[in-house]
Amino acid sequence: MAPEGVAELRDWLFLLMLCLTLLAEVLEVAAATGYEEEEDLVCPSVCRCDEDFIYCNDRGLSSIPPLPPSATVLYLQNNHIDNAGLPTSLERHLTVRVVYLYDNELDDFPMHLPPSLRELHLQDNNIRTLPRATLARMPLLEKLHLDDNSVSTVSIEDKAFVDNPRLRLLFLSRNHLSSIPSGLPASLEELRLDDNRISTIPTHAFRGLSSLRRLVLDGNLLANQRIADDTFSRLSNLTELSLVRNSLLTPPLNLPSAHLQRLSLQDNALIHMPRGSLDGMRRLQRLDLSGNNLTTLPRGLFKDLDSLGQLLARGNPWHCGCNLRWLHDWLHARGNSITVRGLTCQAPEKVRDMTLKDLTSQMEECEVTGVVPAGAGAGATGSGTRDRVGGVGGVAASSTTLSPPQGSLFTLRSKRPGLGLPDSGLDYTLGSSGVGKSLALNVKPLAHDSIRVTWSVAQPTSSFRLSWLRLGTSAAMGSITETLVRGDRREYLLTSLQPRSSYIICMVPLAASSGGKGAMAGEDTDSDEAPVCAKAETSDPGQPDVGHDNQDPEHMATLPLAGIIGGATVIVSLALIFAIFCWYGHRAGRLSPRDQYSRGSSRKSKHYDDYIESGTKKDTTILEIRGPGFQMTPMVTHQPSKPLREDYIIHTIFPSNGTGLYKGAHQVSNAGYGTNRGYRERGIPDIDYCYT
């Protein structure tokens, strides 16, 4: 080959090697740069990262920093992030499953969240609306926490959760809800709506929520009248129901019983547990009745509670008489399989502060066969407490008389109640009073939910049976409520009644039993006298109560006298206060330093001379002006007076230490003498400023 060709080939090879070297350098630099960028995306500088968990909480952030693509759980709580601080790039992180954004400054439901999100925490913000379009961006969402926000019922868009078919948990505690949100997904298993303003639950409120297992409605405004009868019966799979801190008088009707395990009714106003309200709850494990007004429980209430392991009953005024003998026996039969807290007696007095389970000796005095059978209410057979009278083996036991239980309520549901109440289907004409052989009854409505019952008897009795029936479409099928009243009482107040309703109120005296073991404390029998009945109607809550306008004559008679005495007392008190005030003002005016003069007893025997006290009557005594510097003395009395000219001499009084009366301007003195105006040297007053 020619030498020229070899040289040319060598040059081309050199150029090729040079190009390859440069390319390798460029690739190395690019690779290094990409590696550094990837290192930068591993964890934001203001956060801490632990594999796929990104901790940016409590950093004072106002926006979300760039995140690595492998992040799955974001902790962004306790910052200052608002809606503008959510970048649109966040929705491209398809690996994110859980986001914690609680305690920030969000005013609206956040947008641009990843569609792969399963769990979202937005508590303690100021979110007001729940738009359907924003929720639809998260079709895989399973848990949504919205506690402590400003969500109201009207701010939840219609069918807001229709595009969230996997939502299992929804927390809306401490918001501004006034009713149960509509359009809740059928997949919901846990719903918390506590501490809102919910007052009404209609029939369709929980329609379609057959999967719901836990429902919390604590701290709302629920009352029995505003809960539909079959509201909770639709929740067939419910295992926990909490109705704490409401205004319930009795448990809601038709509670779900098949799977219910925990029932919380504490801190309401329960006064009665109707027989049958807990029927069918064979899986119930925990029952909380604390903080109510229960005095007794009807026999057979716990007949199906075979699985009950906790009974909480603190804060109730339990009356531990024979009415709770069945519960005492039931607790002993269960033994250690149940834990009881707070079932402490408040009455009668001899068993106060004792637990019901410890009253074995007292309960043995009750006749076992005398307790009303389970399935029938007291008096359902027409005999009332008569069934409890009897002996054992024909041996009569000594009778003990104690006060019958107060507020021991028994609800009856029968076609013909045992107590002979009038049938409203007949043409009875009942008034506000009734008179029997030995009993006169009078009833008077006091408010829209209370009636005052008073009575008088011809002869003393141990106790009375008071019953009242609310009239409805069919009074015969109505519900009678009874209570025993001590024999020494002459009035009773029925409260918590239905407004705008008619009530038939009956009373019959009870005769004390005379023998048998059943004659325990409070075991009385019905007398032969027929019940005395009267009728009353409660008023409309919107109208002013008339109970106080129509007082009894004896109360009205004392009102004028009390008014006169009270008015006279007020007038005398005001006059006395005014006189003291005037006397004090007059005395203070006379004793002021400028105008106070020293008057001796010789004023009583005055005689006139040439001494003149300007503006006042003459006085032969020395007139001393109580101020620093001088005093006035009268002239000699034997000098003849001149009718057209009256002279007086002002003698300067010098202090004992020889100092003058002149006071510098810097010295403090009394009012009227605090300056040196009107004085010459040596304390001699200037004639231009001598005043008398």
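The rules behind each value
- Here the residue numbers are simple positions, counted from 1 along each chain's written sequence.
- Given that the model is predicted, a residue must reach a pLDDT of at least 70 before its local features are reported, and side-chain atom pairs must reach 80 or more before they are shown or counted; all residues, however, enter totals for whole chains, interfaces and linings.
- Here the side-chain values reflect all heavy atoms present in the structure, with hydrogen atoms and water set aside.
- The helix and strand labels rest on DSSP assignments: H or I over at least four residues marks a helix, E over at least two residues marks a strand, and numbering proceeds from the N terminus.
- Here, two residues are considered to be in contact whenever any of their heavy atoms come within 4.5 Å of each other.
- Surface accessibility follows the Shrake-Rupley procedure with a 1.4 Å probe radius. Residue values consider only the protein chains on display as shielding.
- Each residue's exposure class comes from its accessible area (1.4 Å probe, protein chains only) as a fraction of the maximum for that residue type: buried when under 20%, exposed when over 50%, partly exposed otherwise.
- All tallies of charge rest on Lys and Arg as positive and Asp and Glu as negative; His and the ends of each chain are not included.
- The salt bridge criterion pairs a side-chain nitrogen of Lys or Arg with a carboxyl oxygen of Asp or Glu, the two atoms within 4 Å.
- Contacts described as polar in this section are N or O atom pairs within 3.5 Å, which, within protein, must combine one atom able to donate a hydrogen with one able to accept it, while residues neighboring in sequence count only if both atoms come from side chains.
- What makes a patch is a set of residues exposed beyond 30% relative accessible area and free of salt bridges, joined within 9 Å when like-charged and within 5 Å when nonpolar (Val, Leu, Ile, Met, Phe, Trp, Tyr).
- Every charge is mapped onto a representative atom, which is NZ of Lys, CZ of Arg, CG of Asp or CD of Glu.
- The set of buried Ala, Val, Leu, Ile, Met, Phe, Trp, Tyr and Cys residues whose side-chain atoms join them within 4.5 Å is what this entry labels a nonpolar core.
- By disulfide we mean two sulfur atoms from cysteines, separated by a distance within 2.5 Å.
- Classification of ring pairs rests on two measures: the distance between centres of Phe, Tyr or Trp rings, Trp counted by its six-membered ring, which must be within 6.5 Å, and the angle between planes, read as stacked under 30 degrees, edge-to-face over 60 and tilted in between.
- For a lysine, the NZ atom is tested; for an arginine, the CZ atom; a charge sits over a ring if that atom is within 6 Å of the ring centre and within 35 degrees of the ring normal.

### What to know about the overall build of the protein chain
Along the backbone of the protein chain there are five helices and 28 strands. In the protein chain, the share of contacts with a sequence separation of at least 24, taken over all contacts with a separation of at least 6, comes to 57%. Summing over all exposed atoms, the protein chain offers an accessible surface of approximately 37,500 Å²; the carbon and sulfur share of this is 54%.

### What about the side chain of arginine 334?
Its location among the elements puts arginine 334 in helix H3 (residues 325-334). Aspartate 306 is the oppositely charged side chain nearest to the buried, salt-bridge-free arginine 334, at an N-O distance of 5.9 Å. A polar side-chain atom of arginine 334 sits 3.1 Å from the main-chain carbonyl oxygen of leucine 305. Beyond its immediate sequence surroundings of up to four residues, arginine 334 is in contact with Leu305, Asp306, Ser307 and Leu308.

### Description of a negative patch on the surface
Taken together, the side chains of Asp82, Glu105, Asp107 and Asp108 make up a negatively charged region of the molecular surface. With respect to the secondary-structure elements, aspartate 108 resides in the loop between strand S4 (98-100) and strand S5 (119-121).

### Side note on a nonpolar patch on the surface
Together, Leu9, Leu13, Leu16, Met17 and Leu20 line one region of the surface with nonpolar side chains, adding up to about 510 Å² of accessible area. Tracing the chain through its elements places leucine 20 in helix H1 (residues 3-40). Under the relative-accessibility criterion, leucine 20 is labelled partly exposed at 48%.

### Quick word on H3
Most of H3 is tucked away: seven of the 10 residues are buried. Listed in full, the buried residues belonging to H3 are Arg325, Trp326, Leu327, His328, Trp330, Leu331 and Arg334. Looking at the packing, one finds that the buried side of H3 touches strand S15 (339-341) and helix H4 (360-363).

### What to know about the nonpolar core
Ranked by internal contacts, the top residues of the largest apolar core, which has 92 residues, are Phe232 and Phe302. With four residues, the top contributor of residues to this core is H3. Phenylalanine 302 has contacts with Leu278, Leu287, Leu297, Leu311, Trp326, Leu327 and Trp330, leaving out every residue within four places of it along the chain. Counting 19 residues, the second largest nonpolar core, distinct from the first, contains Val443, Val485, Leu497 and Tyr503.

### Points about the state of the cysteines
Tallied over the full model, the rule gives five disulfides. With its sulfur 1.9 Å from that of its partner, cysteine 47 forms a disulfide with cysteine 56. In this structure the cystine formed by cysteine 47 and cysteine 56 twists about its S-S bond by roughly 110 degrees; its chirality is therefore right-handed. Neither residue differs from the other here; cysteine 47 and cysteine 56 are each classed as buried. Within the protein chain, bonded cysteines paired by disulfides and numbered along the sequence follow the pattern 1-3, 2-4, 5-7, 6-8, 9-10.

### Digging into the packing of aromatic side chains
Tallied over the full model, the rule gives seven aromatic pairs. Seen from their ring centres, phenylalanine 302 and tryptophan 330 are 5.2 Å apart, and the 55 degrees between their planes marks the pair as tilted. Of this pair, phenylalanine 302 sits in the loop between strand S12 (286-288) and strand S13 (310-312) while tryptophan 330 sits in helix H3, placing them 28 residues apart in sequence. Over the ring of tyrosine 55 we find arginine 48; its NZ or CZ atom is 4.3 Å from the centre of that ring. Stacked on the ring of phenylalanine 171, the Lys or Arg arginine 192 has its end atom at 5.6 Å from the ring centre.

### Describing the pattern of salt bridges
This model, assessed by the stated rule, comprises 18 salt bridges. In this structure, glutamate 240 engages arginine 214 in a salt bridge whose closest nitrogen and oxygen atoms are separated by 3.0 Å. Of this pair, glutamate 240 sits in strand S10 (residues 240-242) while arginine 214 sits in strand S9 (residues 214-216); the two residues are 26 residues apart in sequence, bridging distant segments of the chain. A salt bridge links aspartate 279 to lysine 303, with the nearest nitrogen and oxygen atoms 4.0 Å apart. Of the two residues, aspartate 279 sits in the loop between strand S11 (262-264) and S12 while lysine 303 sits in the loop between S12 and S13, which places them 24 residues apart along the sequence. A relative accessible area of 30% means that aspartate 279 is categorised as partly exposed. For lysine 303, a relative accessible area of 52% translates into the label exposed. One continuous salt-bridge network, built from bridges that share partners, spans Asp148, Arg174, Arg192 and Asp194.

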